[in-house]
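Per-entry structural report
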Amino acid sequence: MKVDVFAGYAGRQLEIIAKAEHAGRAIPPLWPLASSVAVNPFLGQTDKALTDVAALLGRVAGTSVMMPRSWYYDKITNGTISKQDLDAALAQFPQAADSTGALKAAARGDTSPITALPTVADLAAEASGIDWPGIITERFGAWAAGYFDAGQALWQHKPGRDAFGAWRDFASRDLTAEIAGLRGFGALVAQTPSQSRSALVTASEMLDLAPEAAETYFHQLLLGLGGWSQVGRYRLWQAELAGDKDGTTTDLLAIRLIWEQALYAQYETEIAAKWAEVASQHATPVAPSIDQLVDAALQAAAEFADQRALAQTLSVPSAISLEGRMALQAAFCIDVRSEVFRRALESVDPSIQTLGFAGFFGLTAAHKSFASDVEEKRLPVLLNHGVTSQSGGASDAADQTARFAARAQRAWGRFKLAAVSSFAFVEATGPIYVGKLLRDALGLAEAKAPDAHKPILDESFGLADRIGAATSILTAMSMTDDFAPLVVLFGHGANVVNNPHKSALHCGACGGYSGEVNARLLADMLNDKAVRAGLAENGITIAQDTLFLGGLHDTTTDDVTIYADDFAGHKHGIHLKTAKAWLASAGKIARTERALRLPRAVDGDAVKKRSNDWSETRPEWALAGCKAFIAAPRDRTKGKGLAGRAFLHDYNWQKDPDFGVLELILTAPVVVASWISLQYYGSVVAPDVFGAGNKLLHNVTGGIGVVEGNGGALRGGLPWQSVHDGQGYAHDPLRLSVCVEAPVEAITAILAKHTDVRDLFDNQWLHLFKLDANGQIEQRYTGDLEWARFDGVQPEPAPKAA
């Protein structure tokens, strides 16, 4: 009998620990500011439908994951959402209303207020009148900013310690909680088990928390930590990518749970009954309310309307392409900002062909810039690096001089902030900064330019590897014949000043760095005669007079840089001069189009000036407005007004006999695009939970993220100014429509093979369509590996409840 009791107790402990780890995976990771990338805030819930996630986040965060009803009603009244769309939406969610008229009437009303279940801290605050949730947020942030610091702090935590141990040392000596009224908190912390899992189990027992209640309760506590728990999830992501483990999220949960334990012990008499009721509600299955089903139906109607509009755009005849050899081929990242520039460039001269491919150009490079030992992972965060490179062409003396200069600059920066010298610094050196202040205020300062030194692949990546990589990359680009005399591979980046989120404007496929390094590396590889000989043996013949060059498209100014000096002595001066003139004309056209969307941008010249304005909160719209991903030959979309809202990936299925390229597209670029689309979605529909707040209040913390004001919760996601122009939304929160020209059987087989990708479509985080040979939408994926004919609008079956 004793053995059975012990086994049951041990099993309960293990179940609590498992729930904690599962809750940690429900949190999205947050990349540091130096290399930030878009992340799907619903990453831990893609196996669930939006309605189930709405119910979950309503319980744990008190937030909706759909727009206010007035947003949908405005679209109904202005004709964007038609009766057809409402009919189709109601067919998908028949429980939402009795009729289309009733659904339309519901859109005129308001959703019932959503309130999260209270935590112990909330109940203690209600009982005592003390803002315990605010105190926890502030003290946790004060510790976490130091612990997670990436080089900003002058006085740093001792490295190598786990988060829980470091916090115990901090909290056992921090008197703030006791001064606020939490008696004996320091002693309690000192007496907790030294292992976070043990402390977590102990606290759960004190709260009489059943495993059934633990999962959503733990999720709620981690969400309440804001971006700090996301930093922990990032560490777990990186560890697992390297085949390792990390317990930071469990440590953070244990810390937050100890606060709950301490507050419950002090206020048990007043809150025990309410807490028991809350715990019982956490133990009940999550199920959507009628309000949430109505909101989901209205969201579906808005997306049906957008899909109709996309189908209409794609039905317009494409611009005619010339037969024969092009004068210029320009390959760009699939980023939606490239769509505007590509369309502009193609309009300049019919002998120009543009292509779209993932911006890391197939090279998963870990790169060291000039005079730096930092490895920049210029690749999608889903992957490990496969090649290494470094900047070359500089002498050892130049390298050493640059390193000395960087050290001197860092020393000067530390001197400005040091405990003693900072007091006299402003008075003593203030006049020195007058020139800089004037230069910055007048918009004359410029952001640091990318490293101009030519990147060089490590010799360990031998000839056979380079031939294999070149073959795979060109095949994936559907670029295996008819090469132009000049082929420019454009990475992209953003030239902005005074913007902590600068890296978020760079290339997501390059890990939050600008993309010129990867483009230049590939150009170098494709100009190599030995590589070309190997390519010819693999069936890809590049003309002898073809020159590949790397380039950089500045998405803020629409200026371009071509790194022609990487290949001194080339004989393409005339081609290069012509290409630069074409690109300059395209930049002017693109800026003029973009000015229509940007607030206060009266013309293209005003767009260009925004990059150097240190007060500008919206230097560009980045990927706001993204709504479609199209994988098809460029001929299917050329000249069509996609308005900078579509990811365009060149793909010709007839050159992909085993559909290996198609599999790569659906499992990598499409997934990355979903992260981008859903980050924008989350930052719009739930800005308090998944958004970064107001740029005007931001302070960089620890070099890893931003807080609003002088402390508290780290803010992940997108700032409000990135999705709203001050009067209206710059991004319609619509789940991405993925359009692929390929046989249905091939697409279905890939979905059957990759369940994580299939989840995105089956649970309608993405919508999937099959294009016909004319680039028009022919079929819609309806889930469970089934398809239906697309007739403008038709209902998709509602995702099955989890």
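The following refers to the structure shown.

Analysis parameters
Residues numbered from 1 in each chain as written. Predicted model: local features only at pLDDT ≥ 70, side-chain atom pairs only at ≥ 80, totals over all residues. Heavy atoms only, no water. Helix = DSSP H or I, 4+ residues; strand = E, 2+ residues; numbered from the N terminus. Rg over C-alpha atoms; globule rule 2.2 N^0.38 Å. Buried < 20%, exposed > 50% of the residue type's maximum accessible area, 1.4 Å probe, protein only. Areas by Shrake-Rupley, 256 points an atom, 1.4 Å probe, with all protein chains shown as cover. Lys, Arg positive; Asp, Glu negative; His and termini not counted. Charge placed at Lys NZ, Arg CZ, Asp CG, Glu CD. Contact = heavy atoms within 4.5 Å. Salt bridge = Lys/Arg side-chain N within 4 Å of Asp/Glu carboxyl O. 1 Å grid on protein atoms, 1.4 Å probe; cavity = no way out; pocket = protein on both sides within 12 Å on 5 of 7 lines; lining within 4 Å. Points joined across faces, edges and corners; volume = space filled by probe spheres on them. Nonpolar A, V, L, I, M, F, W, Y, C, P; charged D, E, K, R; others polar. Pairing = 2+ DSSP bridges. Axes fitted to C-alpha atoms, helices over the stretch in contact; angles between N-to-C directions. Phe/Tyr/Trp six-rings, centres within 6.5 Å; stacked < 30°, edge-to-face > 60°.

Looking only at helices and strands, one finds 29 helices and 19 strands in the protein chain. By the compact-globule yardstick of 28 Å for 802 residues, the protein chain fits well, its C-alpha radius of gyration being 28 Å. For the protein chain, the spread of C-alpha atoms along the principal axes amounts to about 85 × 75 × 60 Å. Scored against the burial criterion, the 802 residues of the protein chain give a buried share of 54%. A total of about 33,600 Å² of accessible surface is found on the protein chain, and carbon and sulfur atoms cover 54% of it. Placing the 73 positive and 90 negative side-chain charges of the protein chain at their respective mean positions leaves the two points 4 Å apart.

So, about the environment of F769. Note on placement: F769 falls in strand β17 (residues 767–771). Looking at F769, the relative accessible area reads 0%, which means it is buried. Sequence-wise, F769 and R780 are 11 residues apart; in three dimensions their C-alpha atoms are separated by 4.5 Å. Each residue touching F769, except ones within four places of it in the same chain, is listed here: Q307, S737, V738, C739, V740, I777, Q779, R780, W787 and F790.

This part covers the pattern of salt bridges. Enumeration over the complete set of coordinates arrives at 41 salt bridges. For the salt bridge of R69 with D291, the shortest nitrogen-to-oxygen distance reads 3.1 Å. Of this pair, R69 sits in helix α3 (residues 69–77) while D291 sits in helix α15 (residues 290–315), and the two are 222 residues apart along the sequence. We note a salt bridge from R758 to D762, for which the minimum N-O separation is 2.8 Å. With a gap of four residues between them, R758 and D762 both fall in helix α29 (residues 755–762), about one helical turn apart. According to the relative accessible area criterion, D762 is buried, its value standing at 16%. Connected via shared salt-bridge partners are R69, D291 and D295.

Counting across every chain of the model gives four cavities of 30 Å³ or more. The space that makes up the largest cavity amounts to roughly 80 Å³. Around the largest cavity sit V37, A38, P380, V381, L382, G508, V672, W675 and I676, which together line it. Classifying every residue of the lining of the largest cavity by side-chain character gives eight nonpolar, one polar and no charged.

Moving on: the sheet that holds strand β2 (residues 352–357). Hydrogen bonding along the main chain pairs the strands of a sheet, whether they run parallel or antiparallel. If you trace the five strands from one edge of the open sheet to the other, you get β2-β1-β7-β8-β9, paired in mixed fashion. The sheet is open, and its two edges are formed by β2 and β9 (560–562), each paired on a single side. Neighbour to neighbour, the strand axes of the sheet diverge by 25 degrees on average, direction disregarded. Inspection of the sheet shows strand β8 (residues 547–554) paired to β9 by three bridges, in the antiparallel sense. From the neighbouring strand, L552 faces β9, where its bridge partner is T561. Packed on one face of the sheet, helix α21 (residues 516–527) meets β7 (486–493) and β8 and runs near 170 degrees to β8.

A word on the sheet that holds strand β18 (residues 777–783). One open sheet accounts for six strands, arranged β11-β10-β16-β17-β18-β19; its pairing is mixed. Both edges of this open sheet fall to β11 (646–649) and β19 (786–789), since each of them pairs with a single strand only. Strand-to-strand twist in this sheet, taken as the mean axis angle between neighbours without regard to direction, amounts to 25 degrees. With four bridges connecting them, strand β16 (residues 737–740) and β17 associate as parallel partners. Looking at the pairing, S737 lines up with H767 of β17. Lying on the sheet, α29 is in contact with β16, β17 and β18; it crosses β18 at an angle near 105 degrees.

Another point: the pairing of β7. Burial analysis of β7 places eight of its eight residues in the buried class, the great majority of the element. Of the two faces of β7, both are covered, the one formed by L486, V488, F490 and H492 as well as the one formed by V487, L489, G491 and G493.

A few words now on the packing of aromatic side chains. Summed over all chains, the structure comprises 28 aromatic pairs. Taking the centre distance of 6.1 Å and the plane angle of 15 degrees together, the rings of F148 and W228 count as stacked. A residue pair is termed long-range when its members are at least 10 positions apart, and F148 in the loop between α7 (132–147) and α8 (163–173) and W228 in helix α13 (residues 227–241) qualify at 80 residues. F148 gets classed as buried once you look at its relative accessible area, which sits at 4%. Both rings, one in F357 and one in F361, keep their centres 6.4 Å apart while their planes meet at 40 degrees; by these two values the pair is tilted.

One non-glycine residue with positive phi stands out, namely F361, at about 50 degrees. Taking relative accessible area as the criterion, F361 reaches 0% and is therefore assigned buried. Positive phi values are uncommon outside glycine, yet F659 reaches one of about 60 degrees. Position of F659 relative to the elements: it lies in the loop between β11 and α25 (660–667).

The next thing to look at is helix α6 (residues 120–128). Within α6, burial applies to V120, A121, L123, A124 and A125. In this structure, the buried residues of α6 make contact with α7, α12 (211–224) and α14 (248–282).

Right, let's get into the environment of G58. Structurally, G58 is set in helix α2 (residues 50–61). Residue class for G58 comes out buried when judged on its relative accessible area of 7%. Note: C-alpha distance between G58 and D772 (714 residues apart in sequence) is 41 Å. When neighbours within four sequence positions are excluded, G58 is seen to be in contact with T63, I114, T115 and A116.

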